[in-house]
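Structural characterization, general
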Amino acid sequence: MERRSFNKTLASSIAGISISQNIFSHSKIRKKLGVALVGLGSYSKGALGPALLETEFCELKAIVTGTKSKVNEWKLKYNINDNGVYNYKNFESIANNDQVDIVYIVLPNNMHKEYTIKALEAGKHVICEKPMALNAEEAKEMIEVSKKVRKELFMGYRLHYDPYHLECINYCRNKTFGKLNVVLAEFGYGISNRDHWKLKKSYGGGALMDVGIYAIQAARYCTGEEPISLSAKEYKTDQTKFNEVDDTIVWQMEFLNGKVANCATSFSASMNNLHLGFEKGFAKLHPAYTWRKVSGYTSKKQLSFPSINQQALHMDGISNYLINKIPHNNVGADEGLKDMIVIDKIFESISNNGQTISL
Ligand code: NAD
């Protein structure tokens, strides 16, 4: 199947809508929504910018950067005019730019709350990168502002638009292999740059906030439930490198009826797995959380889906929701908050020496 048409089919099937329904009918579309990227670091440059060249329902209309040397390259590559260039001092004036409908926050984690609130108050819908904030309290504040100003707040949860993850969710909901009883979810990598903000506490660094959150997400969307209790322990391989933030965390989450998720995250070990253990079989993704190409198999077959662009589908899914009210794939701010609640409890368990904490 051609990539673009597969994207459409996928987006419609995962939103729970009949594939025959032409939700992408262009007659309904007023115009492409305008997106502003805030922070032109590695994720914006490597993934979101290029994805916005593939999207059908939104396009890049503005950039927010503190680095003058990036401006020309972005203006040329994405055809952005002078009025679409902002810095962190004049960011709020984006309120006057009616070409921008959605502001996408791609900043270090400690800046998510401040810039999300500023963008909402500027009258824009917001997509916020993961983790939503530094803790659940901040996430709640962000949601309150979005309700107050009546603008939508979404999470950058791209895997909700990945066919391998959607297939796994289908197995869980349809009980293809019987009941789901065990989830094993691990995401980690060796971080090499000792000066990276991801190793600084004030920036909201640490492996759990950076990649462990994917294991929490996967356990939550596969079970379709919130954990009822959890326990967690932290391990450090290098006291100087990880003196401010967590290195390796291993935790267990208990769900209803004896379902359990064993999870791990690390900045000193390479892991990228999702294993779903059902009564009568299994599904396994490896690599599971990459945005390049997920791969996997079940106890019955190899999984094989055409390659898609997760970020393009994700931003199109949100845009289609905003334009046509077609449901998005559960990437609202409530999902971000639920993950922050779990993260807070994991840190609470660690500071209580692995004590089991109820949620
Ligand atoms: P990065 O360090 O490469 O980029 C961050 C950008 O913020 C840089 O352009 C930097 O100049 C800018 N910035 C503005 N003010 C800053 C300040 N005071 N201090 C430091 N930087 C400042 O980081 P990244 O990897 O692009 O991550 C950005 C966000 O995107 C993070 O929240 C991260 O968790 C998220 N992310 C998500 C994915 C995903 O797959 N969904 C992947 C990578 C990163």
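Everything that follows concerns the structure shown earlier in this document.
Residues numbered from 1 in each chain as written. Predicted model: local features only at pLDDT ≥ 70, side-chain atom pairs only at ≥ 80, totals over all residues. Heavy atoms only, no water.

To continue, consider the overall build of the protein chain. When helices and strands are tallied, the protein chain shows 9 helices and 15 strands. On C-alpha atoms alone, the protein chain measures out to a radius of gyration of 20 Å, which is about the 21 Å that the 2.2 N^0.38 rule sets for 359 residues. Oriented by its inertia axes, the alpha-carbon framework of the protein chain measures out at about 55 × 50 × 35 Å. With 359 residues in all, the protein chain has 56% of them scored as buried. When the accessible surface of the protein chain is summed, it comes to about 15600 Å², and 48% of that surface belongs to carbon and sulfur atoms. Separation between the mean location of the 45 positive side-chain charges and that of the 37 negative ones in the protein chain comes to 4 Å. (Helix = DSSP H or I, 4+ residues; strand = E, 2+ residues; numbered from the N terminus. Rg over C-alpha atoms; globule rule 2.2 N^0.38 Å. Buried < 20%, exposed > 50% of the residue type's maximum accessible area, 1.4 Å probe, protein only. Areas by Shrake-Rupley, 256 points an atom, 1.4 Å probe, with all protein chains shown as cover. Lys, Arg positive; Asp, Glu negative; His and termini not counted. Charge placed at Lys NZ, Arg CZ, Asp CG, Glu CD.)

Spatially, 3-2-1-4-5-6 is the arrangement adopted by the 6 strands of the open sheet, whose pairing is parallel. Two strands in the sheet have a free side with no partner beyond their single neighbour: strand 3 (85–86) and strand 6 (153–155). The sheet strands contacting helix 4 (residues 112–121) are strand 1 (33–38), strand 4 (102–105), strand 5 (125–128) and strand 6, and the helix crosses strand 5 at an angle near 165°. (Pairing = 2+ DSSP bridges. Contact = heavy atoms within 4.5 Å. Axes fitted to C-alpha atoms, helices over the stretch in contact; angles between N-to-C directions.)

So, on to helix 6 (residues 163–174). In this model, helix 6 (12 residues) spans 16 Å end to end at C-alpha, consistent with the 16 Å of a helix rising 1.5 Å per residue. Across the 12 residues that make up helix 6, a large majority, 9, are buried. Of the positions making up helix 6, those classed as buried are Pro163, Tyr164, His165, Leu166, Glu167, Cys168, Ile169, Tyr171 and Cys172. Where helix 6 begins, one side-chain oxygen reaches toward the backbone nitrogen of Tyr164, 2.9 Å away; that side chain belongs to Asp162. Phi for Lys175, located one or two positions after helix 6, is positive at around 50°. (Expected span 1.5 Å × (residues − 1). Polar contact = N/O pair within 3.5 Å; in protein donor to acceptor, adjacent residues only side chain to side chain.)

Cis rather than trans, the peptide bond between Lys130 and Pro131 has omega equal to -15°. Relative to the helices and strands, Pro131 resides in the loop between strand 5 and helix 5 (136–149). Cis geometry marks the peptide bond from His286 to Pro287; its omega dihedral reads -5°. Relative to the elements of secondary structure, Pro287 occurs in the loop between strand 12 (281–285) and strand 13 (296–298). Phi angles above zero are rare outside glycine, and Asn257 is one such case at about 55°. With respect to the helices, strands and loops of the structure, Asn257 is situated in the loop between strand 9 (248–254) and strand 10 (260–266). Here the phi dihedral of Asn330 falls at roughly 60°; this positive angle occurs in a residue that is not glycine.

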